[in-house]
Amino acid sequence: MILRLLPLALLAAGCAAVPAADRPCSVKVEFGSYCCGVDGETKAAVERYLAGARGVARSTSSAWGREGESTRCVVTRTRADTDRIYRDLAALIPPIARRGPVAVTTADGRATPTQTQR
């Protein structure tokens, strides 16, 4: 009897919700620099958007460079939230890099087009 229920128990365990703190980034926004800092205007627009965006379970930023380079990690509540937030953030990224490159990517491999430098 126990062996017959084991597959159901394993299936149920695989469907358990993963806490937001343990989930990988649904959407990443990376701010780079060519020499003199990141695109502060775009970074501020991204921060404003994320502050009021619905569907964000968690959003953290990690600095990795000397000129303001950083990565914003956004964990969303649902796949639909990921899709909407990715589209909205991608629309905020200018096609021509103002100061440094900005990239938006998703965990499933979608990415904004590569920016060109002025």
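Scroll up to find the structure.
What this report covers is the structure whose coordinates are included nearby. All of these numbers come straight from a predicted model, not from anything done at the bench. Positions within a chain are numbered from 1, following the residues in the order the chain's sequence is written. For this predicted model, a pLDDT threshold of at least 70 governs which residues receive local features, and a threshold of 80 or more governs which side-chain atom pairs are given and counted, while totals over whole chains, interfaces and linings are taken from all residues. The side-chain quantities take in all heavy atoms of the structure and omit both hydrogens and water.

**Some details on the environment of Val27**
Going by this rule: What counts as a helix is a DSSP run of H or I of at least four residues, what counts as a strand is a run of E of at least two, and both are numbered from the N terminus. Here's how the labels work: a residue is buried when its accessible area is under 20% of the maximum for its type, exposed when over 50%, partly exposed in between, all with a 1.4 Å probe on protein chains only. Whether two residues touch is decided by their heavy atoms; if any such pair falls within 4.5 Å, the residues are in contact.
Structurally, the position occupied by Val27 is in strand β1 (residues 27-31). By relative accessible area, Val27 is classed as buried at 0%. Excluding residues that lie within four positions of it along the chain, Val27 makes contacts with Arg72, Cys73, Val74, Thr82, Ile85, Tyr86, Leu89, Val104, Thr105 and Thr106.

**Focus: the state of the cysteines**
Operational definition: Disulfides are defined as pairs of cysteine sulfur atoms found within 2.5 Å of each other.
This model, assessed by the stated rule, comprises two disulfides. Put simply, Cys25 and Cys73 are joined by a disulfide, and their sulfur atoms are 1.9 Å apart. Note on the Cys25 and Cys73 pair: the S-S dihedral is about -115 degrees, so by sign convention the disulfide is left-handed. One end of the pair, Cys25, is in the loop between α1 (2-14) and β1; the other, Cys73, is in strand β3 (residues 70-76), with 48 residues separating them in the sequence. The disulfide partner of Cys35 is Cys36, and the gap between their sulfur atoms is 2.5 Å.

**Digging into the pattern of salt bridges**
Side chains carrying opposite charge are able to pair once their charged atoms draw close together. Our working rule: The salt bridge criterion pairs a side-chain nitrogen of Lys or Arg with a carboxyl oxygen of Asp or Glu, the two atoms within 4 Å.
Throughout the structure, instances matching the rule amount to eight salt bridges. With a shortest N-O distance of 3.6 Å, Arg98 and Asp39 are connected by a salt bridge. Here Asp39 lies in the loop between β1 and α2 (40-52) and Arg98 lies in the loop between β4 (96-97) and β5 (102-106), a separation of 59 residues in the sequence. The exposure class assigned to Asp39 is buried, which follows from its relative accessible area of 2%. Between Glu47 and Arg72 there is a salt bridge; the shortest N-O distance is 2.8 Å. Here Arg72 lies in strand β3 and Glu47 lies in helix α2, a separation of 25 residues in the sequence. A single network of salt bridges, built from pairs that share partners, joins Arg79, Asp83, Asp108 and Arg110.

**As for the sheet that holds β1**
This is how it is decided: Strand pairing is defined by DSSP finding a minimum of two bridges between the two strands. To define axes, lines are fitted to C-alpha atoms, for helices over the stretch in contact only, and angles between the resulting N-to-C directions are given on a 0 to 180 degree scale.
A sheet is described by the order of its strands in space; here four strands give the open sequence β2-β3-β1-β5, paired in antiparallel fashion. Two strands in the sheet have a free side with no partner beyond their single neighbour: β2 (56-63) and β5. Taking each pair of neighbouring strands and ignoring which way they run, the sheet shows an average axis angle of 15 degrees. Judged from the five bridges that link them, β1 and β5 form a sheet pairing that is antiparallel. Residue pairing across strands places Lys28 opposite Thr105, the latter belonging to β5.

**Section: the pairing of β2**
The pairing of β2 with β3 spans seven bridges and is classified as antiparallel. Among the inter-strand pairings, Arg58 is bridged to a residue of β3, identified as Val75. The loop that links β2 with its antiparallel partner β3 comprises six residues; one of these, Gly68, has a positive phi angle of about 95 degrees.

**Some remarks on the environment of Gly100**
Looking at the element boundaries, Gly100 is found in the loop between β4 and β5. Measuring from C-alpha to C-alpha, the distance between Gly100 and Phe31 comes to 7.0 Å, with 69 residues separating the pair along the chain. Aside from chain neighbours lying at most four places away, what touches Gly100 is Gly32, Ser33, Tyr34, Gly37, Asp39 and Gln115.

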